[in-house]
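What the coordinates show
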Number of protein chains: 2
Amino acid sequence: MFSKSCEYAIKSMIFIAQKSKDGARIGIKDIAKGTDSPQHFIAKIMQVLSRKKLVHSVKGPNGGFYMDNLDLQNSIADIVKAIDGDGLYTDCVLGLHACSAENPCPIHSEYSVIKKNFIKMIENNTIGEFRDNLDAGNFHLKSILSV
Amino acid sequence: MFSKSCEYAIKSMIFIAQKSKDGARIGIKDIAKGTDSPQHFIAKIMQVLSRKKLVHSVKGPNGGFYMDNLDLQNSIADIVKAIDGDGLYTDCVLGLHACSAENPCPIHSEYSVIKKNFIKMIENNTIGEFRDNLDAGNFHLKSILSV
DNA sequence: AATATAAAAGAGTTTTATGTCTTAATTTGA
DNA sequence: TCAAATTAAGACATAAAACTCTTTTATATT
Ligand code: FES
Ligand code: FES
């Protein structure tokens, strides 16, 4: 579904959204800890997200990552597209060179419905929306087992 | 979503279902051609499917793969489980150690709906059902471009 | 200005997925 | 019974994904 990079990206972004609430910045080490992710690996991922303007960063002492109100309005889909590209939108589930109704694979019609709903889901959920639920402990970014 | 192996497996199985209609057997070379797949690679995949009794095979002259009426009743899900395992059923979409309502990731509740429908889809569609539609040209196993 | 801090960048490694090639085993038919 | 055909098996090769390490650049604080 998502690449590992993309999984880390989504978790990191939600984590940053929560931690940078009052203009605070959060460092890569804390993000790694808070999301159970390999530090150097997600550092590279954050570079991409930062270049693509999905998150802000500042170097130096007290530096780190943070999100402004505009960043918080980005959707999960924006992260996915930044990291995994638009394969989710364009690829055939059985690996035909392109998904299309004109040259459909056997499960195209059934899959199209699933796909539409999945895309709707990641597009309708903004990063900001997860922030409060995470605070409330309604969900987790780390497996209990790994703590 | 599916691994490349799994994509090949599904396409090959549907192809065999169509070609082995009247007890005929179809060889690995023809399967490779008919589904645009690397021959030696899918040979290994067919070995697995054969060992797991999802398809029949005979060696020697006029040998090859074929399906009986029971084989045709297997679902796409059976192929997926044989090749990719049950990760689709058990994995968390954000990579937590296990998907569960007790320790849900941020998009667990939204994803659960998608997942349920996806599983329903691959479980409800049997290999045999695709056979006639393939005959009718209603869908394809090869990209037009690659012919 | 000097120093410490933290992200950015880039090079390198390991692991997994994908794909190829060769040989063995089985079966059919001449 | 022998040769040809065809799957089964296993070793090997390549490519991509995942992960690590080191160096550079920017910035804030002293
Ligand atoms: S053609 Fe395969 S999913 Fe659309
Ligand atoms: S916990 Fe992540 S999908 Fe269920």
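One can find the structure itself at the top, above this paragraph.
Let us look at the structure shown here. (Residues numbered from 1 in each chain as written. Chains lettered and ligands numbered in written order. Predicted model: local features only at pLDDT ≥ 70, side-chain atom pairs only at ≥ 80, totals over all residues. Heavy atoms only, no water.)

Some thoughts on the side chain of Asn 125 of chain B
Its place among the elements puts Asn 125 of chain B in the loop between α7 (108-124) and α8 (127-135). Overall, the relative accessible area of 13% leaves Asn 125 of chain B in the buried class. A distance of 2.8 Å separates a polar side-chain atom of Asn 125 of chain B from the backbone oxygen of Met 121 of chain B. Apart from the residues lying within four places of it in its own chain, the contact partners of Asn 125 of chain B are Glu 110 of chain A together with Asn 74, Ser 75, Ile 76 and Phe 130 of chain B. (Helix = DSSP H or I, 4+ residues; strand = E, 2+ residues; numbered from the N terminus. Buried < 20%, exposed > 50% of the residue type's maximum accessible area, 1.4 Å probe, protein only. Polar contact = N/O pair within 3.5 Å; in protein donor to acceptor, adjacent residues only side chain to side chain. Contact = heavy atoms within 4.5 Å.)

Observations concerning the protein's contact with DNA strand C
What surrounds DNA strand C is a group of 26 residues, the closest being Lys 44, Gln 47, Arg 51 and Ser 57 of chain A together with Pro 61 of chain B. Put simply, 64% of the atoms of DNA strand C that lie within 4 Å of the protein are in sugar or phosphate. Interatomic distance of 2.2 Å between a side-chain N/O atom of Lys 44 of chain A and a base nitrogen of DNA strand C. Take Pro 61 of chain A: an N or O atom from its main chain is 3.4 Å from a base oxygen of DNA strand C. The biggest single contributor to the surface near DNA strand C is helix α3 (residues 39-51) of chain A, with 4 residues. (Near = heavy atom within 4 Å.)

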